[in-house]
Amino acid sequence: VIIMLKILKQLFEEKKRASFYTDFENGNRFNYGTVIKADEDYSVLQLISPDGDDDGIFCVETQRIYKVELQGLYEKKMAALCEGKVYPEYKLTFGDDGIKNAVLSFAKKEGQIVSIELSNSECDDAVGFVESFDEEICCIKAVDEYGIDDGISYVNYEDITRIVLMSYDEKRLMRLWRYNQQ
């Protein structure tokens, strides 16, 4: 983790885009983007879609990032697709309470739908709006695949291993949720 953390921090300082591999089961699956912040516990990335568009925020346990690629053919292709594009600057506030707290706080404050993975399940175990959280529990106002309110989910804070927000999936759900609120 220490060596990878050093690489992540260097990428952040140099504002370099890279491919980040986090799925040991599928070595062909990765995310492309920039490092927003990294520490020994969590890393938060701003992702870019395969089409070169903003694809939201991806927060994952730093130990899950097992490979970073730079300057390969894919990265060169992505540089061409990103040429001249302006990406949003997400205003996350990082304090002493850690990266995971900062991401959940940002999602709550901005009223954004999150997809949360628990215990490295590789699934979206809880999807919806962050209602509240503390160091023990996180309360999510659940939203289903059709953008319909679907109750409340309580998850153990410690079990959260990945948080995604403002990706294509969450943006689509947000549009559907807003439509259903009319």
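Refer to the structure presented above.
Residues numbered from 1 in each chain as written. Predicted model: local features only at pLDDT ≥ 70, side-chain atom pairs only at ≥ 80, totals over all residues. Heavy atoms only, no water.

## Quick word on the overall build of the protein
Along the backbone of the protein there are four helices and ten strands. Across the protein, helices and strands are ordered from the amino to the carboxyl terminus as α-β-β-β-β-β-α-α-β-β-β-β-β-α. Counting only C-alpha atoms, the protein reaches 45 × 35 × 30 Å along its principal axes. A burial count over the protein gives 46% of its 182 residues as buried. Within the protein, contacts between residues at least 6 apart in sequence are counted, and of these 58% link residues at least 24 apart. (Helix = DSSP H or I, 4+ residues; strand = E, 2+ residues; numbered from the N terminus. Buried < 20%, exposed > 50% of the residue type's maximum accessible area, 1.4 Å probe, protein only. Contact = heavy atoms within 4.5 Å.)

## Focus on the pattern of salt bridges
One pass over the full model with this rule turns up 15 salt bridges. As a salt-bridge pair, Lys171 and Asp54 come within 3.3 Å of each other at their nearest N and O atoms. Highlighted residues: Lys171 in helix 4 (residues 168-180) and Asp54 in strand 4 (residues 54-61), separated in sequence by 117 residues. Arg162 is the salt-bridge partner of Glu122, the closest N and O atoms lying 3.9 Å from each other. (Salt bridge = Lys/Arg side-chain N within 4 Å of Asp/Glu carboxyl O.)

## Digging into the pairing of strand 8 (residues 137-143)
Within strand 8, five of the seven residues are buried, which leaves the element mostly enclosed by the surrounding structure. Of the pairings in the sheet, the one linking strand 7 (residues 126-133) to strand 8 comprises five bridges and is antiparallel in character. Counterpart to Val130 in the pairing with strand 8 is Ile140. Taking the residues that link successive antiparallel strands as the turn, the strand 7-strand 8 hairpin has three residues. Judged from the six bridges that link them, strand 8 and strand 9 (residues 149-156) form a sheet pairing that is antiparallel. In the sheet register, Ile137 faces strand 9, and the bridge partner there is Asn156. Here strand 8 hands over to strand 9 after five residues, with Gly147 in that stretch at a positive phi of 80°. (Pairing = 2+ DSSP bridges.)

## Comments concerning the environment of Ile140
Considering the arrangement of structural elements, one finds Ile140 in strand 8. Of the residues examined, Ile140 reaches a relative accessible area of 0% and is grouped as buried. In sequence terms Ile140 and Ser115 are 25 residues apart; their C-alpha atoms lie 9.8 Å from each other. Contact partners of Ile140, with chain neighbours within four places excluded, come to Val114, Ile116, Ala126, Val127, Gly128, Phe129, Val130, Glu131, Gly151, Ile152 and Ser153.

## Concerning the pairing of strand 1 (residues 18-21)
Of the two faces of strand 1, both are covered, the one formed by Ala18 and Phe20 as well as the one formed by Ser19 and Tyr21. Pairing of strand 1 with strand 2 (residues 31-38), which is carried by three bridges, proceeds in the antiparallel orientation. Looking across to strand 2, one finds that Ser19 is bridged to Tyr32.

## Regarding the nonpolar core
In terms of nonpolar packing, the biggest core is built from 25 residues, with Val103, Leu104, Val114, Ile116, Ile160, Ile163 and Leu165 touching the most fellow members. Of all the secondary-structure elements, those providing two or more residues to this core are strand 3 (42-48), strand 4, helix 3 (99-110), strand 6 (113-118), strand 7, strand 8 and strand 10 (160-165). Among the elements that line this core, the one with the most residues is helix 3, at five residues. Once residues lying within four places of it in the same chain are set aside, the contact partners of Ile163 are Ile57, Phe58, Cys59, Lys100, Val103, Leu104, Val114, Ser115 and Ile116. Counting residues in hydrophobic clusters, the runner-up holds 15 residues, among them Met4, Phe20, Leu47 and Val68. (Core = buried A, V, L, I, M, F, W, Y, C linked by side-chain atoms within 4.5 Å.)

## A few points about helix 4
Taking 1.5 Å per residue as the helical rise, helix 4 with its 13 residues ought to reach 18 Å, and the 18 Å between its terminal C-alpha atoms agrees with that figure. Of all the residues in helix 4, the buried ones are Glu170, Leu173, Met174 and Trp177. Axial view of helix 4: buried residues confined to an arc of 105°, hence all on one face. When the buried face of helix 4 is taken as reference, the exposed residues oriented beyond 90 degrees from it are Arg175 and Tyr179. The elements touched by buried residues of helix 4 are strand 6, strand 7, strand 8, strand 9 and strand 10. (Expected span 1.5 Å × (residues − 1). Arc of directions from axis to C-beta.)

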